[in-house]
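Here is what each chain is made of, one letter per residue.
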Amino acid sequence: MNTHRLNQFIKKYSKVTLEIIISIFVLIFVYAALTKLIEGDRFYNNLNNSPIFESSFFASTLSWLIPSLEVVVSLFIIKQKTRLIGLYGALGLMLVFTTYVGGIVFYSPYIPCSCGGVISLLSWPQHLILNICLLALAILGILLYIKRKKLANSLYYQSTGEFL
Amino acid sequence: MKSFKLMLPMLAFVLAIGAAFAFTSSTEVDFYANGYIQIDGMWHQVEVDCEQQAAFDCVVQIEGEPEETYQVYAEENTSTPLKGTAPVPKVISDPR
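As the structure is a computational prediction, the values presented were derived from the model and not from experiment. (Residues numbered from 1 in each chain as written. Chains lettered and ligands numbered in written order. Predicted model: local features only at pLDDT ≥ 70, side-chain atom pairs only at ≥ 80, totals over all residues. Heavy atoms only, no water.)

Asker: Just to check I follow, could you spell out the interface of chain B and chain A for this structure?
Answerer: When the parts of a complex come together, some accessible area is lost, and that lost area is often used as the size of the interface. Residue-level contacts link 31 residues of chain B with 30 residues of chain A. Across the chain B to chain A interface the summed buried area is about 2,600 Å²; carbon plus sulfur atoms make up 63%. Here chain B and chain A share zero salt bridges between them. Our count for the chain B to chain A interface comes out at zero residue pairs in polar contact (both at pLDDT 80 or more). (Contact = heavy atoms within 4.5 Å. Buried area = accessible area lost by both parts, 1.4 Å probe. Salt bridge = Lys/Arg side-chain N within 4 Å of Asp/Glu carboxyl O. Polar contact = N/O pair within 3.5 Å; in protein donor to acceptor, adjacent residues only side chain to side chain.)

Right, here's the structure in full:
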């Protein structure tokens, strides 16, 4: 496939794909953040009883820090100007979550219960697979956004002789 | 066109808010009463994620009191002990 066809392909499908990825992350992060805030005691207890965290200080700090970050990242993703920062934030959060779930699945001395919300219907290994998929979506979103930005700059330069 | 680009993420935002409130169980009457422990002869409700069948006894420890552990029961009697997935006591806030 030559460069022109590749650019045509990206131009045609990347917009819709990117919009879908953005909507998925907004939906997941806002839902997760609000669930954690509404059921704050339950989330704190889950963290406090996690085999990975030894101290209740981490549990109390993370019980408000994580939902706050999720909301902030969602807002950054929604706003056009901060979308790339938001996508990088989503990537960072998914890396942290995937590492945590991977730690529980592969290294934890026992598997705790972390119940609550729709995603509690998944087992820990299923949760890990979901997180890996979301991680891949975040990477794809970033690549598509950067590619579209470069394409837009290139087309603008071709038509006006100036860069965006 | 620009507002349309914003519309889909905003719709997702609103849907997520609705879903969070729709799926949360915090308004149920027994949301915070998943089990009972006996302290000094008195029964107290506690919130733990334990069940009837699992590998370990469902045992809790009150935060700040590491020396005492309490078996969790499904009802206010000792005939239905609950089981848990963890071999260590769960730390909970004081139910008294």
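Following the structure, the description resumes.
Asker: Just to check I follow, could you spell out the environment of Gly103 of chain A for this structure?
Answerer: Residue and element names in this part refer to chain A. Relative to the helices and strands, Gly103 resides in helix H4 (residues 83-106). As a C-alpha pair, Gly103 and Ile28 span 75 residues in sequence and 22 Å in three-dimensional space. Gly103 has contacts with Ile52 and Ser108, leaving out every residue within four places of it along the chain. (Helix = DSSP H or I, 4+ residues; strand = E, 2+ residues; numbered from the N terminus.)

Asker: I would appreciate a short explanation of the nonpolar core in the present structure.
Answerer: The nonpolar side chains of a soluble globular protein tend to be buried, and buried together. One finds Phe25, Val26, Phe29, Ile77 and Met94 of chain A to be the most contacted residues of the largest nonpolar core, which totals 36 residues. Mapped onto this core, the elements with two or more residues apiece are helix H1 (3-38), helix H2 (40-48), helix H3 (56-78), H4 and helix H5 (124-160) of chain A together with helix H1 (2-23) of chain B. With nine residues, the top contributor of residues to this core is H1 of chain A. For Val26 of chain A, the residues in contact, after removing those within four places along its chain, are Ser74, Ile77 and Ile78 of chain A together with Pro9, Ala12, Phe13 and Ala16 of chain B. In terms of nonpolar packing, the next biggest core, distinct from the first, is built from 12 residues, Ile39, Val46, Cys50 and Val60 of chain B among them. (Core = buried A, V, L, I, M, F, W, Y, C linked by side-chain atoms within 4.5 Å. Buried < 20%, exposed > 50% of the residue type's maximum accessible area, 1.4 Å probe, protein only.)

Asker: Would you mind showing me how to read the side chain of Gln71 of chain B here?
Answerer: Residues and elements named next belong to chain B. With respect to the element layout, Gln71 can be found in strand S5 (residues 70-71). Side-chain polar atoms of Gln71 contact the backbone oxygen of Cys58, separated by 3.2 Å. A distance of 3.0 Å separates the side chain of Gln71 from the backbone oxygen of Leu82, its partner in a polar contact. Look past the residues within four positions of Gln71 in its chain and what remains in contact with it is Tyr36, Ile37, Asp57, Cys58, Val59, Pro81 and Leu82.

Asker: Just to check I follow, could you spell out the pairing of strand S1 (residues 35-39) of chain B for this structure?
Answerer: A regular strand places its side chains on the two faces of the sheet in alternate fashion. Residue and element names in this part refer to chain B. The buried count for S1 comes to four of five residues, which makes it a mostly enclosed element. Where S1 lies against strand S2 (residues 42-46), five bridges are found, and the strand directions are antiparallel. Of the residues in S2, the one forming a bridge with Gly35 is Val46. Between the antiparallel neighbours S1 and S2 lie two residues, among them Asp40 with a positive phi of about 50°. (Pairing = 2+ DSSP bridges.)

Asker: Is there a simple way to explain the packing of aromatic side chains in this structure?
Answerer: Aromatic rings in a pair are described by how distant their centres are and how their planes are angled relative to each other. Taken as a whole and assessed by the stated rule, the structure comprises four aromatic pairs over all chains. Centre to centre, the rings of Tyr100 of chain A and Trp124 of chain A are 6.3 Å apart; their planes meet at 65°, and the pair counts as edge-to-face. Highlighted residues: Tyr100 of chain A in helix H4 and Trp124 of chain A in helix H5, separated in sequence by 24 residues. A ring pair is formed by Trp43 of chain B and Tyr73 of chain B, whose centres lie 5.6 Å apart and whose planes are at 85°; its orientation type is edge-to-face. Separated by 30 residues along the polypeptide, Trp43 of chain B in strand S2 and Tyr73 of chain B in the loop between S5 and strand S6 (83-84) bring together distant segments of the chain. (Phe/Tyr/Trp six-rings, centres within 6.5 Å; stacked < 30°, edge-to-face > 60°.)

Asker: Explain the sheet that holds strand S4 (residues 59-62) of chain B here, please?
Answerer: Picture the strands of a sheet paired through backbone hydrogen bonds; they go either parallel or antiparallel. All names here are of chain B. Taken in spatial order, the three strands of this open sheet run S5-S4-S7, and their pairing is mixed. In this open sheet, the two edge strands, each paired with only one partner strand, are S5 and strand S7 (90-92). Relative to S5, S4 runs antiparallel, the two sharing two bridges. By the bridge assignment for S5, Val60 is matched with Tyr70.

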